[in-house]
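# Report on the structure
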Amino acid sequence: MSITAKTMQARKPEFPLAAHGKTLPAERTGWLAPTDPAVGVDAIRRRYQDDGYVWLKRLLPRTDVLDFRRWVFERLAETGLVEPGSDFSLGIASAAGFDRSLADRRLMSLVRSAAYEGFCAQPPLARFMDDFLQGISYLHKRKIMRFVQPGSPTATPAHYDLVYLRGGTRRLVAAWIPIGDIPAEMGGLVYLERSHAVGVRMEAEFQAASGDLSPEERISAYNRHMAEGGWVSKDLPDMAERFDTRWLAADYEAGDVVLHSPYMIHASTTNQDCSRRLRLSTDIRYQNVDDEIDVRWNNHWSLGDML
């Protein structure tokens, strides 16, 4: 472990993390351990298997990520989302209101664009994923890009990704990419420490309880067993207490990529940035091209597609 990783693990996030109106207690928070891609793909794969995630530092060119951030906010500016006259690469939220309906329509256009496809399939990432998956990597067509305003109550509830991807292989890898710097106070992803083992148990319990479900219901994240079993939760402090573990946060930087297991429980926290920066990120999923693909993910992401 590098000195940087040791230092980050030894201290706590100084900013109080919160989600859905609840603040995470300091004793239930910690830091993700960063990984230098130069350690090699074999070591990276071992860390991923052991921890359920790997936070790759500076895997992508920083300038390319910031250029893409600028491009996105230039195209969202007409909605009133971005502060007029500001540097689009900073992504400063407008102090006035914005047209949410127009912003949503514009975002759905952006995720269908050649520019976004190129960003997600850029050569450094594609080559790495081929090596990581030990074959030809397949990038799912359904790819998600989100912006989150400072002060917004929006935060992703705790979940593991297989809940939404049961129609294909379980040998999936999610990549979460911060599009710009996202320090902990901006509400980036947080991971429940060592929870990939918890996710495996939850999935086994779900499968055992789902004998009365139709095949269509069984692969749906919104079937009648999900809320009852607590597979998706907005109460992050309760989850940390229930499993006697911590939520791990990070000060992400443009160029970083986080890979996580389909069983790894994760969530996001509230964007509390005092500089009013918009959080912008994308999450995409990979698998080996020879494995079974969930056909529901062969369409572009649309708001309200129930996945």
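Residues numbered from 1 in each chain as written. Predicted model: local features only at pLDDT ≥ 70, side-chain atom pairs only at ≥ 80, totals over all residues. Heavy atoms only, no water.

### Thoughts on the overall build of the protein chain
What counts here: Each helix is a run of H or I in the DSSP string that is no shorter than four residues. Each strand is a run of E no shorter than two, and both are numbered from the N terminus. Radius of gyration: over C-alpha atoms. The globule rule applied is 2.2 Å multiplied by the number of residues raised to the 0.38 power. Here, two residues are considered to be in contact whenever any of their heavy atoms come within 4.5 Å of each other. Each accessible area is a Shrake-Rupley estimate made with a 1.4 Å probe; only the visible protein chains count as cover when residues are assessed.
When you go through the protein chain residue by residue, the secondary structure sums to ten helices and 13 strands. A globule of 307 residues ought to have a C-alpha radius of gyration of about 19 Å, and the protein chain, at 19 Å, matches this closely. When its C-alpha atoms are laid out on the principal axes, the protein chain stretches across 55 × 45 × 40 Å. A separation threshold of at least 6 residues defines the contact pool for the protein chain, and within that pool the share at least 24 residues apart is 80%. Carbon together with sulfur atoms contributes 52% to the accessible area of the protein chain, which is approximately 13200 Å² in total.

### Details of the sheet that holds strand E10 (residues 247-249)
The criterion, for reference: Pairing between strands is defined by DSSP: at least two bridges between the two strands are required. Fitted lines through C-alpha atoms give the axes, limited to the stretch in contact for helices. The angle between two N-to-C directions lies from 0 to 180 degrees.
Taken in spatial order, the four strands make up an open sheet running E3-E10-E9-E12, and their pairing is mixed. Since the sheet does not close on itself, it has two edges, and those belong to strand E3 (29-31) and strand E12 (266-268), each with one partner. Each strand of the sheet is rotated relative to its neighbour by a mean of 35 degrees, with strand direction disregarded. As paired elements, strand E9 (residues 189-192) and E12 share three bridges and run antiparallel to each other. Paired with Tyr-191 across the bridge in E12 is His-266.

### Details of the layout of surface pockets
Operational definition: Lining residues are defined by having an atom within 4 Å of a point belonging to a cavity or pocket. Those points lie on a 1 Å grid over the protein atoms alone, cavities being sets where a 1.4 Å probe fits but cannot get out and pockets being open sets with protein on both sides within 12 Å along at least five of seven lines. Grid points are joined across faces, edges and corners, and a volume is the space filled by probe spheres set on the points. For this scheme, ten residues count as nonpolar: Ala, Val, Leu, Ile, Met, Phe, Trp, Tyr, Cys and Pro. Four count as charged, namely Asp, Glu, Lys and Arg, and the remainder, Gly too, count as polar.
What the largest pocket holds in volume is close to 910 Å³. Taken together, 40 residues form the lining of the largest pocket, with Ile-144, Arg-146, Thr-156, Pro-157 and Leu-307 sitting closest to its centre. Taken together, the elements giving at least two residues each to the lining of the largest pocket come down to helix H4 (100-110), strand E7 (144-148), E12 and strand E13 (279-288). Looking at the lining of the largest pocket residue by residue, the classes come out as 18 nonpolar, twelve polar and ten charged.

### A closer look at the pattern of salt bridges
Put simply, the rule is: When a carboxyl oxygen of Asp or Glu is within 4 Å of a side-chain nitrogen of Lys or Arg, the pair counts as a salt bridge.
For the coordinates displayed, the defined rule picks out 26 salt bridges. A salt bridge links Glu-203 to Arg-170; the shortest N-O distance between them is 3.5 Å. Note that Glu-203 is positioned in helix H7 (residues 196-209) and Arg-170 in the loop between E7 and strand E8 (172-178), a separation of 33 residues in sequence. One network of salt bridges, with partners in common, ties together Lys-57, Arg-58, Glu-253 and Asp-256.

### Let's talk about unusual backbone geometry
For residues other than glycine, phi is negative in most cases, and the peptide bonds are mostly trans. A positive phi angle, near 50 degrees, is found at Asp-244, a position not held by glycine. Within the fold, Asp-244 resides in the loop between helix H10 (236-242) and E10. In this structure, Arg-276 is a non-glycine residue whose phi angle is positive, near 65 degrees. Inspection of the secondary structure assignment puts Arg-276 in the loop between E12 and E13.

### Some details on the packing of aromatic side chains
Worth spelling out the cut-off: To pair, rings of Phe, Tyr and Trp, with the six-membered ring standing in for Trp, must have centres within 6.5 Å; the planes then decide the type, stacked if under 30 degrees apart, edge-to-face if over 60, and tilted in the middle. Here's how the labels work: a residue is buried when its accessible area is under 20% of the maximum for its type, exposed when over 50%, partly exposed in between, all with a 1.4 Å probe on protein chains only. Each ring is checked for a lysine NZ or an arginine CZ that lies within 6 Å of its centre and within 35 degrees of its normal; such an atom marks a charge sitting over the ring.
All chains considered together, the criterion is met by ten aromatic pairs. Each ring, one from Tyr-48 and one from Phe-132, has its centre 5.1 Å from the other, and the planes form 90 degrees; the classification is edge-to-face. Pair noted here: Tyr-48 is in helix H2 (residues 41-51) and Phe-132 is in helix H6 (residues 123-133), with a separation of 84 residues, a long-range link. No difference in accessibility class separates Tyr-48 from Phe-132, as the two residues are buried. Taken together through their ring pairs, the aromatic side chains of Phe-68, Trp-71, Tyr-116 and Phe-119 make up a single cluster. Directly above the aromatic system of Phe-132 lies the positively charged group of Arg-45, at a separation of 6.0 Å from the ring centroid. Taking the ring centre of Phe-206 as reference, the NZ or CZ of Arg-166 above it sits at 3.7 Å.

### Remarks on the confidence of the model for the protein chain
Formally: The score called pLDDT rates the predictor's confidence residue by residue, from a low of 0 to a high of 100.
Averaged over the protein chain, the pLDDT score is 92; the fraction of residues at 70 or greater is 92%. Counting contacts from residues 1-10, a segment whose pLDDT is below 50, to residues more than four positions away or on other chains yields ten contacts.

### A closer look at the environment of Glu-185
Here Glu-185 is to be found in the loop between E8 and E9. Distance from Glu-185 to Tyr-138, taken between C-alpha atoms, is 33 Å for residues 47 residues apart in sequence.

### Structural notes on the packing of helix H3 (residues 62-76) against H4
Note the threshold: These descriptions rest on fixed angle ranges, namely under 35 degrees for roughly parallel, over 145 for roughly antiparallel, 65 to 115 for roughly perpendicular, and the rest for oblique. Note on convention: near helix rotated counterclockwise from far helix by under a right angle means a left-handed crossing. Clockwise means right-handed.
Between H3 and H4, the shortest axis-to-axis distance is 10 Å and the interhelical angle comes to 140 degrees. As summarised for this structure, H3 and H4 are arranged oblique, according to the angle between their axes. In this structure, the crossing between H3 and H4 has a hand that is right-handed. When H3 is examined against H4, the residues Trp-71, Val-72, Arg-75 and Leu-76 are found in contact with a partner set consisting of Ala-103, Arg-106, Leu-107 and Leu-110. Residue classes in the contact of H3 with H4 are distributed as six nonpolar, no polar and two charged.

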